[in-house]
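Report on the structure
Below, each chain spelled out in residue letters.
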Amino acid sequence: MRLSVLVCAVVALCAAPGSVSGADRSCGDLRQFYTGKGFTLEGVPLTEISGDHLRMCPQGSTCCTSTMEENLASMSAQETEGLIREAGRSLQATFNSLHRSFDTYFTELHGRSERSLQEVLSSLGPLYSQNTRLFTQLYTDLRQYYRGSALNLDENLSEFWSQLLERTFKASAPMEVNLSEDYLECVAKQQETLRPFGDIPRDMKAKVIRSFVTARSFVQGLLVSADVVKKVSQVSLAEECSKALMKLVYCPHCHGLASVLPCSNYCSNVMKGCLANQADLDPVWQGLINTMIQVASSFSTEPSLDVVLSSIPMRIYEAVHYLQENMDTFTAKMFQTCGTPGEPGTGSPTAHKQKKQSGSLTALEYKPSPTAGLRLEIQVSDLSSKLREMRQYWVQLPIALCKKLAAESNSQDNCWNGITKARYLPGVMGDGLANQINNPEVDLDITKPIMKIRQQIMQLKIMSNRLKDALEGNDVDFQDASEDISGSGSGMCLSGQCARSRPGLYAYSPETKPVGGAPTVCISVSNLLLLLPFTILLLQR
């Protein structure tokens, strides 16, 4: 009987964490490890002591004091936060690389189109040479819009065609005809109704707006995504997580099991609990990434992005040529609408027909090179593949962290399970805050989400909706982005041109707004008291 009790006692001692020879076991390895982490040896035991004081680690024989446990808990949280920030910086770098790549491509495409203006439009003669500012301003407006300026692209394009009509009509009229500013203004207003340029302005406007809206929304999506990653990666870990990380990472050291790595499922539960709020980004994040992939794919949909931008000068040339060919018909309609302009000594003016230059460009002759199309395909393919890789980032983050901390899958019987060296039995929790209600490793209040992360979830939703609007060809006003989430500071404008504040709806409080022309009557109580005796005397009479 005594022998069996003795055997049981020996077995129990062997099963206890780190127990070899009771209090005689040296703490030399831990002392060396502890100083390697930057701590002093003050108060560190030379041999094992009782672990009754431990609050995070199992209460067996240990080389850790309460102070050491707290220090290592703080260290484990800092190191894990460092790993999270490192992963976040890597993802930010990918977004920034994608942004630089697409921005460079789009800017070069825009620049080549602008540089081809002279080549394509020089055949228009004085109409181009005397109005170069009108054409270059169009490209300036397009560039500013892409960079985030609060321009109304539809209005700007309409204004361009109206001004071009006015100047083309003026250049085509005989020298002796007196065209007043009022008359030219009337001419410009006929751009939409009489359609002097045919269907070209309407067709070009639809394609240009679609291309620039999607391009601008796409680069904004990349910037917003990188900003969300940065802000979420900087969120500090909760105290409950710090305790769980201490138990996961450094409690084995305290119990003489420094070489034993945590079980992978055990690590997964700790990380899923610590990053539960971050995992709630996943559905909205995946939705945004999927929409961005759709937007990227739209760049190569006919008419492709490179074709639209490269053909702008040619479309302008074709529009002017169409008007010049039909100037007599347009002039007759103009006289019916705006009247006949004053002309000394002659009757109605006749339209001046420009001679067509031989060898002038045609739409078929002016197309982007095959190389440009190939570059766009490569650009879209690279964007789409890299975006797909980051689609599940937030739910894969716990797995990525555990790959650096936990044991291999073939060592699950010889790993640290939070108590000793043995298999970890509990199942792995799901992703997100709601699924942590029964997490055995991290005690979380699932009714109290981290508000900073909730704000970033809302930013992702807003950006996703804007990208969907862009896919439909709807213009997107980015200047209001900072007002969607108070204090979010998402920085939606690329060039600092967005409005920073809005004027108040009222110049003064509506309750005290004076009516124009009405005198302000203000009678104080003291004045009423002075008038009271005179009123009584009058009544007595």
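Residues numbered from 1 in each chain as written. Predicted model: local features only at pLDDT ≥ 70, side-chain atom pairs only at ≥ 80, totals over all residues. Heavy atoms only, no water.

Before going further, it helps to spend a moment on the packing of aromatic side chains. For the structure on display, the rule yields 18 aromatic pairs. Relative to Tyr250, the ring of Phe33 lies with its centre 5.6 Å away and its plane at 55°, an arrangement referred to as tilted. Here Phe33 is found in helix α2 (residues 28–36), whereas its partner Tyr250 is found in the loop between α10 (239–249) and α11 (251–254), with 217 residues between them in sequence. When its relative accessible area of 3% is taken as the criterion, Tyr250 is described as buried. Ring plane angle 20° and centroid distance 5.0 Å describe the contact between Phe102 and Phe299, whose orientation is recorded as stacked. One end of the pair, Phe102, is in helix α3 (residues 66–121); the other, Phe299, is in the loop between α14 (282–298) and α15 (305–310), with 197 residues separating them in the sequence. Here Phe102 and Phe299 have matching classes, each one buried. Against the face of Tyr145 rests Arg216, its NZ or CZ located 3.9 Å from the ring centre. (Phe/Tyr/Trp six-rings, centres within 6.5 Å; stacked < 30°, edge-to-face > 60°. Helix = DSSP H or I, 4+ residues; strand = E, 2+ residues; numbered from the N terminus. Buried < 20%, exposed > 50% of the residue type's maximum accessible area, 1.4 Å probe, protein only. Lys NZ or Arg CZ within 6 Å of the ring centre and 35° of its normal.)

The peptide bond linking Glu302 to Pro303 adopts the cis configuration, its omega dihedral lying at -5°. With respect to the helices and strands, Pro303 occurs in the loop between α14 and α15. The residue Arg195 is not glycine, and still its phi comes out positive at about 50°. Position of Arg195 relative to the elements: it lies in the loop between α8 (191–194) and α9 (200–233). On the basis of relative accessibility, which here comes to 35%, the residue Arg195 falls in the partly exposed class.

Our focus in this paragraph is the pattern of salt bridges. Two side chains with opposite charge may pair up if their charged atoms get near one another. Within this structure, the stated rule accounts for 18 salt bridges. For Arg195, the salt bridge is made with Asp199, and the minimal N-O distance between the two is 1.8 Å. Within this structure, Asp203, Lys207, Arg315 and Glu318 form a network of salt bridges that share partners. (Salt bridge = Lys/Arg side-chain N within 4 Å of Asp/Glu carboxyl O.)

Turning to the packing of α3 against α9, a few remarks are in order. For the pair α3 and α9, the least separation of the axes is 9 Å and the interaxial angle reads 165°. Here α3 lies roughly antiparallel to α9, going by the angle between them. In this structure, α3 meets α9 at a crossing whose hand is left-handed. Residue-level contacts link Ile84, Arg85, Gly88, Leu91, Gln92, Phe95, Asn96, Leu98, His99, Phe102, Phe106 and His110 of α3 to Phe212, Ala215, Phe218, Val219, Leu222, Leu223, Ser225, Ala226, Val229, Lys230 and Ser233 of α9. Broken down by class, the residue content of the contact of α3 with α9 amounts to 14 nonpolar, 7 polar and 2 charged. (Axes fitted to C-alpha atoms, helices over the stretch in contact; angles between N-to-C directions. Parallel < 35°, antiparallel > 145°, perpendicular 65-115°, else oblique. Left-handed = near helix turned anticlockwise from the far one by under 90°. Contact = heavy atoms within 4.5 Å. Nonpolar A, V, L, I, M, F, W, Y, C, P; charged D, E, K, R; others polar.)

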